Amino acid sequence: MNGTIDLLFWQLAAAYLFVILLIVIVRIKGIPREKEILIGAVRMTLQLILVGYLLVYVFGNAHPAYTLLLVAIMLAFSIRTVINGTKRKLSKALKQSIALSMTSGILVSLVYFIFIVLQLAPWYEPRYVIPIAGMIVGNSMTGVALGVNSLIEGMHGQKDKVEAALMLGATPRMAAREIVNQSFDSAMLPTINSMVGMGIVFLPGMMTGQILSGTSPIVAVEYQIAIMLGIVGSVSLSVILFVQLGYRTFFNRRSQLEL
Amino acid sequence: MFRLKGVKAKGILSITDLTIPAKRITCIVGESGSGKTTLLRLLNQLDSPDEGEIWLNQRLSSELDPIPWRREAVMVPQATITFKGTIRDNLQIGLSFAGKPEASDERLKEALHLACLEKDLEQNAEELSGGEKQRLALARAIVMNPMVLLLDEPTSALDEDTADTVMQRLTAFMRENGKTLVMITHSRHIADTYADFVIEMKDGTGRRGRTGGVYSEWNH
Ligand SMILES: Nc1ncnc2c1ncn2[C@@H]1O[C@H](COP(=O)(O)OP(=O)(O)OP(=O)(O)O)[C@@H](O)[C@H]1O
Ligand SMILES: [Mg+2]
């Protein structure tokens, strides 16, 4: 037993070589990012160890309250990440649109996935719900973050075009239509690409994990297909809700552009 | 057509009392940064004043839905915008924004003629020169056949002769059809030749007078 843990430890230590390599490269290139990389690596390690122990506890003591709490924390954290991850300052209304679209998009997909697709019993079984929620939340977060940036940059970059349309009597909806479509596109692209490349270009993390821990590849593939569809559903739902709510926040009640 | 009273906007515009008459041609002149564009945007309801009141066709602007108003008082911005697609697409887009039925090719060609742009409707609008795009933007507004045209330096990218022809055709069309034209220009010649009234902007205030260099005090 001791031997396995030792081996694992040494493997992990060896993996940190990548971080050291990265630091050396940045040093040579004179990019002042050593601190961030170091902090990032340390945070990642500590967070994962913490999560590991937390999950061991929650898996051992399955209770709906724990499951719901963890999902709520993931959701809150992902919303915060999206809001803090933009270069420009967001309006309060835009922050609300982000929170609302992610919450409803993710929860609707998660509930559908758990009750209809997997038909889990009990429904709060943390061993399933937590990792699945993690993947759905993570991917939706990436998608919405891309959508937010694309929408903001579109509104600022194409301000003249939006206003030219308004001057001709366009509604905000028509004036922003092109930007909204572009934002939806760029937000969905990574998810669509990962669907297309799935299994050929890369093996997704969940499947890799399952196979590594001894599950038959066929079972792993079944789950992967289901979860991929769940992710696509959640990302598109969150993103479409976001762009539809989000573009409106750039216009005031008198249909004037406000940046 | 327009009346502004005690209007302040963007910390630059400050107009005590200004009337812009209907069915007339009014030019707004003044040095760069004096607030001409700011004023025109108020008339299009693209901005609202911070203070004061604006009457648009006898109705108080704050009680008016801006979108239908903009369809009747169409503005063409200072920086020319072309939309994706052909010249035809660019001419139709205003009508489609306004939820109006498409115009016939004949009407599109009429508008192009008024704007002195004799081009094939099928041509890609991106291929046009800067001055051609400016005339396309003008024609797009004409196709909408609004009650009022608000033009921000509509001939700034044109040579003098073309600018003159455009102005001749446009002003004749507006007069024949009893429409209101409000346009910003840097050209003293255009203001003197075509305007019934001239508003001179200075440090955000507007003084209105008849053409011919005689400006009557209108506010202060
Ligand atoms: N959105 C804005 N916010 C704050 N100030 C603005 C804004 N738009 C314009 N201004 C300022 O208001 C002043 C008047 O601008 P405006 O565009 O009305 O000038 P203009 O008379 O049209 O000039 P030009 O002949 O160069 O087009 C300028 O000093 C400008 O910097
Ligand atoms: Mg201007």
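Residues numbered from 1 in each chain as written. Chains lettered and ligands numbered in written order. Predicted model: local features only at pLDDT ≥ 70, side-chain atom pairs only at ≥ 80, totals over all residues. Heavy atoms only, no water.

Turning next to the coordination of the magnesium ion (ligand 2). Residue and element names in this part refer to chain B. The magnesium ion (ligand 2) binds to the protein through Thr37 (OG1) and Gln78 (OE1); the donor distances cover 1.9 to 2.3 Å. With a gap of 41 residues between them, Thr37 in helix 1 (residues 36–43) and Gln78 in the loop between strand 6 (73–76) and helix 3 (87–97) connect regions that are remote in the sequence. For Gln78, a relative accessible area of 39% gives the class partly exposed. (Donors = N, O, S within 2.8 Å, 3.2 Å for Na, K, Ca; no water. Helix = DSSP H or I, 4+ residues; strand = E, 2+ residues; numbered from the N terminus. Buried < 20%, exposed > 50% of the residue type's maximum accessible area, 1.4 Å probe, protein only.)

Scanning the entire structure with this criterion turns up zero disulfides over all chains. This cysteine, Cys27 of chain B, is not joined by any disulfide, and Cys116 of chain B carries the nearest cysteine sulfur, 17 Å off. (Disulfide = S-S within 2.5 Å.)

Right, let's get into the packing of helix 5 (residues 130–143) of chain B against helix 6 (residues 160–176) of chain B. All names here are of chain B. It is the contact of helix 5 with helix 6, at a shortest axis distance of 13 Å, that shows an interaxial angle of 5 degrees. Between helix 5 and helix 6, the interaxial angle falls into the category roughly parallel. Here Arg135, Leu138 and Ile142 of helix 5 lie close against helix 6, whose contacting residues are Thr162, Val166, Leu170 and Phe173. For the contact of helix 5 with helix 6, the residue count by class is five nonpolar, one polar and one charged. (Axes fitted to C-alpha atoms, helices over the stretch in contact; angles between N-to-C directions. Parallel < 35°, antiparallel > 145°, perpendicular 65-115°, else oblique. Contact = heavy atoms within 4.5 Å. Nonpolar A, V, L, I, M, F, W, Y, C, P; charged D, E, K, R; others polar.)

Attention now goes to the sheet that holds strand 1 (residues 2–9) of chain B. Sheets are built from strands that pair by backbone hydrogen bonding, the pairs being arranged parallel or antiparallel. All names here are of chain B. Spatial ordering of the open sheet is given by 2-1-4-5, a layout of four strands whose pairing is antiparallel. Unpaired on one side and paired on the other, strand 2 (13–20) and strand 5 (59–60) mark the two borders of the sheet. Here strand 4 (residues 51–56) pairs with strand 5 via two bridges, running antiparallel. Bridge pairing links Leu56 to Arg59 in strand 5. Sheet contacts for helix 1: strand 1, strand 2 and strand 4; angle to strand 1, the most-contacted strand, approximately 125 degrees. (Pairing = 2+ DSSP bridges.)

Per-residue confidence for chain B averages 91 on the pLDDT scale, and 94% of its residues sit at or above 70. Note that residues 210–220 of chain B has pLDDT below 50 and, in this model, 33 contacts with residues that lie over four places away or in other chains. (pLDDT = per-residue confidence, 0-100.)

The topology assignment puts Arg70 of chain B in helix 2 (residues 66–72). Among buried charged residues, Arg70 of chain B stands out as having no salt bridge; its nearest opposite-charge side chain is Asp65 of chain B, 7.3 Å away. At a separation of 3.0 Å, a polar atom in the side chain of Arg70 of chain B contacts the main-chain carbonyl oxygen of Ser255 of chain A. Excluding its chain neighbours within four sequence positions, the residues that come into contact with Arg70 of chain B are Leu166, Met167, Leu168, Gly169, Arg254, Ser255 and Gln256 of chain A together with Asn44, Gln45 and Leu46 of chain B. (Lys, Arg positive; Asp, Glu negative; His and termini not counted. Salt bridge = Lys/Arg side-chain N within 4 Å of Asp/Glu carboxyl O. Polar contact = N/O pair within 3.5 Å; in protein donor to acceptor, adjacent residues only side chain to side chain.)

All names here are of chain A. Domains assigned within chain A are domain 1 (1–61) and domain 2 (64–250). Taken together, the six residues of domain 1 in the interface contact five residues of domain 2. Overall, the association of domain 1 and domain 2 removes approximately 590 Å² of surface from exposure, summing both partners, and the carbon and sulfur fraction of that is 78%. Our count for the contact surface shared by domain 1 and domain 2 stands at zero salt bridges. Run the count over domain 1 and domain 2 and you get one residue pair in polar contact (both at pLDDT 80 or more). Its residues assigned to classes, the side of domain 1 that touches domain 2 comprises five nonpolar, one polar and no charged. (Domains from an automatic or database assignment. Buried area = accessible area lost by both parts, 1.4 Å probe.)

Moving on, we get to the site of ligand 1. Residue and element names in this part refer to chain B. Near ligand 1 there are 13 residues, and of these Ser32, Lys36, Thr37, Thr38 and Gln78 occur at the shortest range. Within the side chain of Thr38, a nitrogen or oxygen atom sits 2.5 Å from an oxygen atom of ligand 1. In the model, an oxygen atom of ligand 1 is placed 2.7 Å from a nitrogen or oxygen of the Gln78 side chain. Taking 640 Å² as the accessible area of ligand 1 by itself, protein coverage stands at 57%. Partitioned by chemical class, the residues of the shell around ligand 1 number one nonpolar, eight polar and four charged. (Near = heavy atom within 4 Å. Areas by Shrake-Rupley, 256 points an atom, 1.4 Å probe, with all protein chains shown as cover.)

What follows is about the nonpolar core. Inside soluble globular proteins, nonpolar side chains tend to come together where they are buried. In this structure, Ile98 and Phe251 of chain A together with Phe2, Leu4, Leu91, Leu149 and Leu150 of chain B are the most contacted members of the largest nonpolar core, which totals 124 residues. With eleven residues, helix 6 (residues 126–157) of chain A is the single largest residue contributor to this core. When neighbours within four sequence positions are excluded, Leu149 of chain B is seen to be in contact with Val74, Ala141, Ile142, Leu170, Met174, Thr180, Leu181 and Val182 of chain B. Of all hydrophobic cores here, the second largest spans five residues; its members include Val19, Ile23, Ile37 and Ala41 of chain A. (Core = buried A, V, L, I, M, F, W, Y, C linked by side-chain atoms within 4.5 Å.)

Contacts between the two partners involve 28 residues from chain B and, on the opposite side, 17 residues from chain A. Together, the buried faces of chain B and chain A total about 1900 Å²; carbon and sulfur atoms form 60% of this surface. Contact with chain A buries area across many residues of chain B, yet Leu46, Arg70 and Phe97 of chain B alone supply 31% of it, more than any other trio. In this structure, the connection of chain B to chain A is made through eleven residue pairs in polar contact (both at pLDDT 80 or more). Of all the elements in the fold, those that place two or more residues in the side of chain B that touches chain A are helix 2, strand 6 and helix 3 of chain B. Per-element tally for the side of chain B that touches chain A: the top contributor is helix 2 of chain B, with four residues.

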